[in-house]
Structures are given as C-alpha cells and as structure tokens.
Amino acid sequence: MNRAVTILALALCAPLALAAPAAAQPADASDPGKKKAGAEDPGKRKAGAEDPGDEKAEGEQPPAVEAAQTEPPPPAVGPPPGTVSPDSPAAAPTATPEPATPMVPTPAPSPAPPKPPADDAFGDLPSFDDIGSADDIGDLGGDLQANWDAAAGPEAQVSFPWIEHHGYFRVRADLFYNLDLDTFSLGSGQSSSIEPPLTETLVDDSNERPFAQGAETLAGANMRFRYQPTVHISEGLRVRATLDILDNLVLGSTADGYPRSALSRPDAEIGFFSETQRSPDSGIDSWRDAIRVKHLWGEWHTPLGLLSFGRTQAHWGLGMLVNSGACLDCDFGDSIDRIMATTQLFDTYLSVSWDFPVEGATGVAGIDGRPAETGGQPYDLDQRDDVNQWTVAIFRKPHALEEKEKRARALDELREPTFDVGLYTVFRNQALASNVDGVLNPDGQGVSLARVNAWSITPDLWFDFQYRPDAESGVRIQGEAALVIGEIGRLPMHAETPVEGCTQIDADDPPTGECAFPVDSGRDILRWGYALEIDGRYKSLNYGVHHGMASGDDQEGFGVTDSTRLDDTRFDEFDKTLSLFRFDRDYHVDRILFREVVGSVSNAGYVKPYIGYDLVDESDEVWGFEISAMGAFALEEQATPGDDPWMGLEFGARVYIREFDRFHWTIDYAVLFAGEAFAVTLPGGERLSPGVAQSLQMFLGMEF
C-alpha cells in the first residue's frame, strides 16, 4: 500500500482502534497538593530546578507523552477576552450563539446552570512533546476549558473558534573567558568547539594576525520571543503551533550600517554611523528570518482517543534521547512530522506513531514537469529513499483528574511512595539514500541514488520514583536508559569506489567502472547511554546528585561539533561498529564543559552533586542560591584530543529569583579546570595543555 493510502486509512480508522481515555482537567484543579505549577513537589522543587537557566531544565518534568496543563483563569473583573460588553451592539440576542459551559454565574436573572467540563483528555496527551513541563514553560498550550464567562449577560457568550495564548520572552547575557582552552593553533585546529576572538584568528595576506593582542573574552546578549497559540475549533478539534520571533537574535546585530550591502543606508557608511536595527532577513542581514515556524500540528479528540498529525514537538523521559527544547533556556528542540494515536488501556497509556523523518528527493512546486505543476502540489519522487520510522510508547503516569487526585492523596496524605514507568521504542529503516546535485531539473535529473539498507531499533526505558515522608521533605529519583541496535549495509559516500585496488586504478580509466558493493563500507550500530537524577528537599534545603554516561568509540573527536562518524576511511583501518552515543543537546548537565566545549555528553561519564537553599520560599515565589561541582571522564581515551581520560572539573554557582510561571531571573557563574583530555599536540611535537575557562551569564525571562 502506498503512503498516501496508508495515511488516509490511518486517519479514518484511528478512532475505531482506540479505547476511551480518562478525562483530563486543568493542572492545578487536579492536584490539591500543588502550590502552583512547578512548585508542587517538595522532593522535586530543588533550588533552581524550575529555573529557566537550569542546567537540566527538562529533567524535572514528568516525562511522559503529555501536553502542558494550564491553571484555570481567575474570575474576571471585567469581560474576559472574547466576551462582549452589555453596552455593545453585539450583545443583541440575534447575534449570540448557543451558550456553552459557563464558568462563573452571570448577573442576569435566571442564568443557565453551569455546564460541567467536557471529557477532554486530548489536552493532556499530545505527540510525545512533554510540554507538560509547566515548571519550565508556563503551561504552554494547556488544557484550558473555554472561558464561557457570561459576565455581560446571558445573551453575550464566547463561541468557537477561540485562541489560547502561551509563550515566553527571554533575554540572555553571556560573558565567556578562554573557552578555547588555550589550545588554538593557527592551521592546526583546537580541542574546543569555541574559537578565540576574531582578533586572534583573523589573518592577512601575509598569513599574519595583525590585530592579535591576546584577547580571551567573548561577550554579548541575545533574545527570543516564543509564541505558542492553540486554536480551539471545537471541543474535539484544535490546531497548535510554535513560532519563534527574533530567535536567539544577538542584541546589536542587523544594524542599518552593518554588514555593508546593497540594502545598507547610504548615510550609514560604516557601523559607527548606524542609527537603527533592521528586521532580520535570511541571506541579507542575518542567517535567520525574523519569524520561524517550529511546529504546526492538529489534534482530533473523540470518545475513543486522540489523533495528532502534523509537525509536532518530540520529547520523551528526561529528554536525554528526544528533547522538545521546551525549557526557557533551551536552544534547539526536536520536531518530527508524524501521525500518532494515543489511548488508555486500564491504567496504562499507549501511543503509536508513524513518522516522516526524511523523505529524500521531493518535487518543487512552481516547476513544470515531473516535480510538480506550476502552483501545484509537490510530491515525493520515490518511496525507497525515504527514512521510515515507527514509534510505540507504553507508560503509566497520572493524566486524568481522578488519577492526579489519587496521586496527590498518596503522596501528601497517605505518605506512600509512587512509581511511574514507561518504554518508548523507535523502529527505523531506509533502503536507498538520495542526493540532489545542484538544482533539480524538471525531468528529475540531478538526483543520485545509493543503496544503504540501513535499519535500527531503539528502546528507551524511563522511570520516576517519588516519596514525601512529611510535608517538609521529599525525594525524587528519575532515570532514563537507551540502547541503539542496527546496521548500515553500505555507506552512500562509497558508491563510486572501485571494487578492488582503489589506490592502484586510474580513476579516469573507463573499464574500471564503479563498484556494486564497496569493500568494507558496511557498519554495525551499537550505542547506549543513560542518565540518573536524584533530587531531594528538606524544608528550604535542596540537594541532589546527577549522573550519566554515553558510549564512545576510538575515532578521533567527540562527534558532536567537531567530526562525523562516517568519514571516508576505506584506505585506513576503522572500527566497523558505530558506538558513539550523543545526549540531546537540550539536555543540560553543566554550563561550560558539555554545553559549550563539547556540545553534548558523548564518549563520557559525569557525576554532579549540588546543594542549594531557598532564602525566600513562598507559595508563588522563591529566592535562593545553588552551588554544584561536576567531574567528567572519557570512556574511550584514544578518541580525545589529548589521548587522556580526564576531562576536567567544573564548579558552578547560581543566584535566582522565580515567580512561578511568570518571571525568572538568574545569575550563573561557572569555572572549568579542563583536563588533559583536551590537550593538543602540534605537528612539531609541542603539547598545549588546556587552560581554565570561565563564564558569567544572566537570564531574564517572562512566561505566560
């Protein structure tokens, strides 16, 4: 069955294949033990745990397939958004739809009785996005009931469609010192992914650095406004989106006098005379547009279950393998084009999805001929070059109102421990790989195909244990472990390699031809990684230990920002097994070592204890500080630049002010004493040992 038919069949049959999930309600209404979103768990809300600058913002979330839940709006002083003033002409009886679900009494005589909330579980189960991280993101796109507030009288009602607004605005200021670790050498590279200031690396025609003065500091600030609206079409249909406006825009960039171009103002000859900032235009004055659409998907809720479809956020567990990037201090975020069905079987949830990670060569609308008719629909040019992916998730975790009330009673009244667990499995395969050389011609020329025959299976196990022995203390232990098993039949980059004697055959000799099965081009895949988080709280004292490991290999580099694991190595010996595991880059464990220097945790293990104290600890606001220390080591020392296992020791300190779900302010200081794993040996034999790196960062954020 081709893909189009399968999509249609899945969309039509999904409601029949699902069992009815339990109803979900706004987060705060469902858990009487909560102070507010992000403050409900004494064992969870450690100092800085919900802080937007937290080094591991996603790790404190309940890691299942869930959407953010939003507390119900407070009683309106005046007409809420979407209502009509009684003095307005629109309040006439002829202009009003049938009322539905009033949430507060109306002042008019004999108002209709409030309608009970609809059974709406689809707000609680989207597509593996886990933006139910109300702790970090402020209840994005959550399960709000429509504000049927008839404050203007029985004739003035809100009707579908209506829009729910959520998002955040942040500004981050960074001061980095010596993040190149003193290992930069002109023409020889370095061990850190961060280069020295431009004055130290820029060369002139004589290969000299005329502006070098030993600078070590990089400083700047950036901003982002993330808007996440939800368009409620009806009680069972809604459309959700994520739009980033001025995404990580560096303050002071896109000035009208810099960089110089045909669009620069004539009276701003150099940046010194710039008077204003221009809106970012990709390829003109920026490498990003002013507005970027990250996600756009629909959700259809029926009594039988939830069907999600479109470009959705992707998240599971702690975010070690798949991370939505929903935390206030996140940068990347995983997206996936998918169709997913979710349901509940007894007290267990089941989600099954069909994903579209890579479609290969596709047509381009606007070109007559094979790709697509002018103005028509582009389509996939072949099926066998697609990367096919299917996921199955089965987990136990409270979602519906009665489940959350039961959980709150167990933790806060009966003082019983609770345990949640889930298994997320990804199946992926690809037969051919396509590559577009230059511009795709109308007849399809310009596309090359290579046989890959690749497959992989990735099981990911997550668990969450919580226990609150009394009202002033608690502990939470979370863990996630993933294993990747698979095979690549042959590497596409070897498709034109002769079968034998590559170094002895003249490449211009026509009789040699191209090889059908390149020598030693196949690879096995065996990767693993895990993360463990132990967080505790006693009165205003927060403490914990975080630990994790990611498998490595013996190939040079950490494989995140510095190298690829599929280099053309047919003339050299190489490991036939791809064993390097990489944590998701939005799973934060520190400030400098993994987040900046390496890029993420790979070929490494770490241990990070921390302790903090809340000086002011109110129901909706907290002021405090936290200190931490982290030691890290490489699992495969021959892969490090310095051929040494010791990666270094990093210390951190943070001061924070948080108004839950509203305002965040932090100042973070970190210092890294890099180990000999980052030493560099120059061609002449000189060895450069790494120096000390430091960072000072401030974060300001507002969420809604």
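Residues numbered from 1 in each chain as written. Predicted model: local features only at pLDDT ≥ 70, side-chain atom pairs only at ≥ 80, totals over all residues. Heavy atoms only, no water.

Draft legend 1. Representation of the state of the cysteines in the model. Applying the stated criterion across every chain yields a total of 1 disulfide. At a sulfur-sulfur separation of 1.9 Å, the disulfide partner of Cys327 is Cys330. Judged by the torsion about the S-S bond (110 degrees), the Cys327/Cys330 disulfide is right-handed. Pair check on accessibility: Cys327 and Cys330 agree, each one buried. (Disulfide = S-S within 2.5 Å. Buried < 20%, exposed > 50% of the residue type's maximum accessible area, 1.4 Å probe, protein only.)

Draft legend 2. Structural detail: the packing of aromatic side chains. This model, assessed by the stated rule, comprises 14 aromatic pairs. When the centroid spacing of 5.3 Å and the interplanar angle of 25 degrees are considered together, the rings of Trp316 and Tyr424 count as stacked. Here Trp316, found in the loop between β7 (305-313) and β8 (335-345), pairs with Tyr424, found in strand β11 (residues 418-436); they are 108 residues apart in sequence, far enough to count as distant. For the pair Trp316 and Tyr424, a shared accessibility class is recorded, and that class is buried. Judged by centre distance (4.9 Å) and plane angle (40 degrees), the ring pair of Trp354 and Phe356 falls under tilted. Joined through ring pairs, the aromatic side chains of Trp316, Tyr349, Phe395, Tyr424 and Trp462 make up one cluster. (Phe/Tyr/Trp six-rings, centres within 6.5 Å; stacked < 30°, edge-to-face > 60°. Helix = DSSP H or I, 4+ residues; strand = E, 2+ residues; numbered from the N terminus.)

Draft legend 3. Layout of the nonpolar core. Phe583, Phe594, Tyr606, Met647 and Phe678 are the most contacted members of the largest nonpolar core, which has 40 residues in total. When residues of this core are traced back to their parent elements, those giving at least two are β12 (447-470), β13 (473-488), β14 (523-538), α6 (593-598), β17 (604-617), β18 (621-634) and β20 (663-674). Looking at this core element by element, the count peaks at 4 residues for α6. Ignoring anything within four residues of it in the chain, the contact list for Phe594 reads Val589, Gly599, Ser600, Val601, Ala604, Tyr606, Met630, Ala632 and Met647. Formed by 11 residues, the second largest nonpolar core is a distinct cluster that contains Ala314, Phe395, Ala400 and Trp462. (Core = buried A, V, L, I, M, F, W, Y, C linked by side-chain atoms within 4.5 Å. Contact = heavy atoms within 4.5 Å.)

Worth remembering: the numbers are spatial, not functional.
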